[in-house]
Amino acid sequence: MRVLVLNTGSSSVKYEVFTRSDAAGDLSSVVSGLVEGVGETSGAVHVTPAGGATETEERPVADHDAALGLVVDALARTGADEDLVAVGHRVVHGGEDFTAPTLLTDEVVARIDELAPLAPLHNPPAVAGIRVARRRWGDLPHVAVFDTAFHTTMPPAVYRYAVPEDWYREHGVRRFGFHGTSHRYVAGAAARFLDQPLEDLRLVTLHLGNGASACAIAGGRSVDTSMGLSPLAGLVMGTRSGDLDPGVVFHLVRGGTDLAEVERVLNRASGLVGLGGANDVRVLRSAAADGDGDARLALDVMTRRIRQYVGAYLAELGGLDALVFTAGIGEHDAATRAEVVEPLGHLGLRLDPEANGHADAGDGPVRISPPGVTPAVLVVATAEEATIAADTLAIVET
Ligand code: ADP
């Protein structure tokens, strides 16, 4: 049986089909791809059969309806649509209502739509994708898997901000956290690798991609995370500022900058791009090696912030069994891992430079701390889409 996973953003639709041959079997990818430039002047469809080369067709993509039509075509062309039993959708914000993957009904879709004010950049396109997909595959069950759900175990002392209670009650102002599917997956994978029950472990997981967040996990439950009401908080990201004095916003608006422009800059022109002129760590590392001070500063601000969160979470957890790096930067940039771990030797963290330099988590988790040292430092490849597929099958089969 096969499951289609859709991740619909404002200008793109990512898709991947997974297959499972028997009830106990693992999921494996059949085809993956991306439709980009949705609603823009130029667009493209990419199709990558598992183990094969990517085919790209440049073409305009008018809207999400057209994008889903192109996904349907790509699946039909590769034969990946045979035996589809369900569709899983990534939804960024589930608010306080959605604490687990949920079967989509008209009522559930309407409720996700109502959460749009909490995630104006993320939930509306996801709802558009869900609506179109439910029309296209009307006879299949559709399941929403929420980035926020894993963090609904955080206690009030963690998720409440020190603001008046009516801001929380009336406006939903609280910390939610995101990337939950990734933090949950890598925590489970780390426990299996360490051959210890997840229930016994204190972990800090670092999801360092274009978006980035840290998570403190005790006994398999999220107890704190660096993103907040929105995915703008916490670590320095590709284009997002992360933590910032809210006074900066008032200062700029009072000085004449439009509020919408402040929001745009904090989301799309800050972080690594704002400081160093590029959001790709590879570009920044090579510029820094050539003496570019701005690129060096961007990397230093990023890694300092990560170290601060590791220290804070170690204090919060009362100790640490493993620190886990994942996502694009976490999985591939040995220098970032070294700049995070090496200055934290006084907290007991140690790096095996040889293992760190060669870590490739493609075939499974890799230990980059010396053998026998606790906390272990691990590199684990995240698997958000496969986790969404597994969650979707679990709902459909109950
Ligand atoms: P997204 O959040 O878009 O899914 P990814 O998890 O794919 O992002 O991470 C993307 C980022 O990972 C890139 O912007 C780049 O900074 C970093 N990255 C990817 N590959 C490498 C690499 N080989 N070396 C260093 N950094 C890398």
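Just above, that's the structure.
Here's a quick rundown of the structure. Keep in mind that this is a model prediction, so the values were computed, not measured.

1. Observations regarding a negative patch on the surface
Next up, step 1: There is a patch of like negative charges on the surface, built from Glu36, Glu40, Glu57, Glu58 and Asp73.
Next up, step 2: Residue classification places glutamate 57 among the partly exposed positions, given a relative accessible area of 40%.

2. What to know about the sheet that holds strand S9 (residues 202–208)
Next up, step 1: The strand order S11-S10-S9-S12-S14-S13 describes an open sheet built from six strands, whose pairing is mixed. The open sheet terminates on both sides in strands that have one partner only, identified here as strand S11 (221–225) and strand S13 (366–367).
Next up, step 2: Bridge count between S13 and strand S14 (residues 376–379): two bridges; the pairing is antiparallel. The partner of valine 366 across the bridge, within S14, is valine 379.
Next up, step 3: Seen against the sheet, helix H6 (residues 180–194) touches S9, strand S10 (212–218), S11, strand S12 (322–326), S13 and S14 and runs at an angle of roughly 130° to S9.

3. Re the site of the ligand
Next up, step 1: Taken together, the residues surrounding the ligand are Gly209, Asn210, Gly211, Asn279, Asp280, Val281, Arg282, Ala327, Gly328, Ile329, His332 and Asp333.
Next up, step 2: Side-chain polar atom of arginine 282 to a nitrogen atom of the ligand: 3.4 Å apart, as the coordinates give it.
Next up, step 3: For the ligand, the accessible surface in isolation is 570 Å², of which the surrounding protein chains cover 69%.
Next up, step 4: Among the elements of the structure, helix H10 (281–289) and helix H12 (327–332) are those that each provide at least two residues to the shell around the ligand.

4. Points about the pattern of salt bridges
Next up, step 1: Per the counting criterion, the structure on display carries 18 salt bridges.
Next up, step 2: A salt bridge links arginine 264 to glutamate 261, with the shortest nitrogen-to-oxygen separation between them at 3.0 Å. Separated by three residues within a single helix, arginine 264 and glutamate 261 lie in helix H8 (residues 259–268), roughly one turn from each other.
Next up, step 3: Take arginine 264: its relative accessible area is 40%, and that puts it in the partly exposed class.

5. Let's talk about the environment of aspartate 391
Next up, step 1: If you trace the backbone, aspartate 391 turns up in helix H15 (residues 384–396).
Next up, step 2: Residue classification places aspartate 391 among the buried positions, given a relative accessible area of 12%.
Next up, step 3: In this structure, the C-alpha to C-alpha distance between aspartate 391 and threonine 102, residues 289 residues apart in sequence, is 9.2 Å.
Next up, step 4: Not counting residues within four places of it along the chain, the set of residues in contact with aspartate 391 comprises Pro101, Val145 and Arg184.
Next up, step 5: Looking at aspartate 391, its side chain comes within polar contact range of the side chain of arginine 184, at 2.6 Å.

6. What about the pairing of S11?
Next up, step 1: The sheet contact formed by S10 and S11 spans four bridges and is antiparallel. Within S11, the position partnered with isoleucine 217 by the bridge is serine 222.
Next up, step 2: The hairpin formed by S10 and S11 contains two residues between the paired strands, and glycine 219 there has a positive phi angle of roughly 60°.

7. Focus: the nonpolar core
As a rule of thumb, nonpolar side chains are buried together in soluble globular proteins.
Next up, step 1: Counting 44 residues, the largest nonpolar core has Leu206, Leu323 and Phe325 as its most contacted members.
Next up, step 2: Ranked by the residues each element gives to this core, the list is headed by helix H11 (residues 293–317), at ten residues.
Next up, step 3: Those residues within four positions of phenylalanine 325 in sequence are excluded, and the remaining contacts are Leu206, Leu208, Gly330, Arg337, Val340, Val341, Ile368, Val377, Leu378, Val379 and Val380.
Next up, step 4: Ranked by size, the runner-up nonpolar core spans 25 residues in total, among them Leu6, Val17, Val38 and Ala74.

8. A closer look at the packing of H10 against H11
Each pair of packed helices can be summarised by the angle the axes make with each other and by the distance between the axes.
Next up, step 1: Where H10 contacts H11, the axes come no closer than 8 Å and their chain directions differ by 125°. With respect to their mutual orientation, H10 and H11 come out oblique. Here the hand of the crossing between H10 and H11 comes out left-handed. For the pair H10 and H11, contact is made by Val281, Leu284, Arg285, Ala287 and Ala288 and by Ala295, Arg296, Ala298, Leu299 and Met302, respectively.

9. Section: the sheet that holds strand S2 (residues 12–19)
Next up, step 1: Pairing is mixed in the open sheet, where eight strands are placed in the order S5-S4-S3-S2-S1-S6-S8-S7. Of all strands in the sheet, those bounded by a partner on one side alone are strand S5 (55–58) and strand S7 (102–103).
Next up, step 2: Pairing analysis gives four bridges linking strand S4 (residues 44–49) to S5, with the strands arranged antiparallel. Counted as the bridge partner of valine 47 is glutamate 55 from S5.
Next up, step 3: The sheet contacts of helix H1 (residues 64–78) involve strand S1 (2–8), S2, strand S3 (28–36) and S4, and relative to S2 the element is tilted by about 30°.

10. What about the packing of aromatic side chains?
Each aromatic ring pair is specified by the distance between its two centres and by the angle formed by the two planes.
Next up, step 1: Summed over all chains, the structure comprises three aromatic pairs.
Next up, step 2: Ring geometry for phenylalanine 98 against phenylalanine 146: centres 4.6 Å apart, planes inclined by 10°, an arrangement best described as stacked. Remark: phenylalanine 146 occurs in strand S8 (residues 142–146) and phenylalanine 98 occurs in the loop between strand S6 (84–91) and S7; sequence separation between them is 48 residues. The same class applies to phenylalanine 98 and to phenylalanine 146, which are both buried.
Next up, step 3: Pairing tyrosine 309 with tyrosine 313 gives two aromatic rings, centres 5.7 Å apart and planes at 70°, and the pair type is edge-to-face. In this pair, tyrosine 309 and tyrosine 313 are both assigned in helix H11, four residues apart and thus about one turn of the helix distant. Across this residue pair, the class does not change: tyrosine 309 and tyrosine 313 are buried.
Next up, step 4: Above the plane of the ring of tyrosine 159 lies arginine 174, whose end atom (NZ or CZ) is 3.7 Å from the centre.
Next up, step 5: The cationic tip of arginine 174 hangs over the ring face of phenylalanine 176; the distance from NZ or CZ to the ring centre is 4.7 Å.

11. Let's talk about the side chain of arginine 305
Next up, step 1: Residue placement: arginine 305 occurs in helix H11.
Next up, step 2: The charged side chain of arginine 305 is buried without a salt bridge, its nearest counter-charge being aspartate 243 at 4.9 Å.
Next up, step 3: If we skip the residues at most four places from it in the chain, arginine 305 touches Gly234, Leu235, Val236, Ser241, Gly242 and Asp243.

The rules we used
- Residues numbered from 1 in each chain as written.
- Predicted model: local features only at pLDDT ≥ 70, side-chain atom pairs only at ≥ 80, totals over all residues.
- Heavy atoms only, no water.
- Patch = residues over 30% accessible without salt bridge, like charges linked within 9 Å, V, L, I, M, F, W, Y side chains within 5 Å.
- Areas by Shrake-Rupley, 256 points an atom, 1.4 Å probe, with all protein chains shown as cover.
- Salt bridge = Lys/Arg side-chain N within 4 Å of Asp/Glu carboxyl O.
- Lys, Arg positive; Asp, Glu negative; His and termini not counted.
- Charge placed at Lys NZ, Arg CZ, Asp CG, Glu CD.
- Buried < 20%, exposed > 50% of the residue type's maximum accessible area, 1.4 Å probe, protein only.
- Pairing = 2+ DSSP bridges.
- Helix = DSSP H or I, 4+ residues; strand = E, 2+ residues; numbered from the N terminus.
- Contact = heavy atoms within 4.5 Å.
- Axes fitted to C-alpha atoms, helices over the stretch in contact; angles between N-to-C directions.
- Near = heavy atom within 4 Å.
- Polar contact = N/O pair within 3.5 Å; in protein donor to acceptor, adjacent residues only side chain to side chain.
- Core = buried A, V, L, I, M, F, W, Y, C linked by side-chain atoms within 4.5 Å.
- Parallel < 35°, antiparallel > 145°, perpendicular 65-115°, else oblique.
- Left-handed = near helix turned anticlockwise from the far one by under 90°.
- Phe/Tyr/Trp six-rings, centres within 6.5 Å; stacked < 30°, edge-to-face > 60°.
- Lys NZ or Arg CZ within 6 Å of the ring centre and 35° of its normal.

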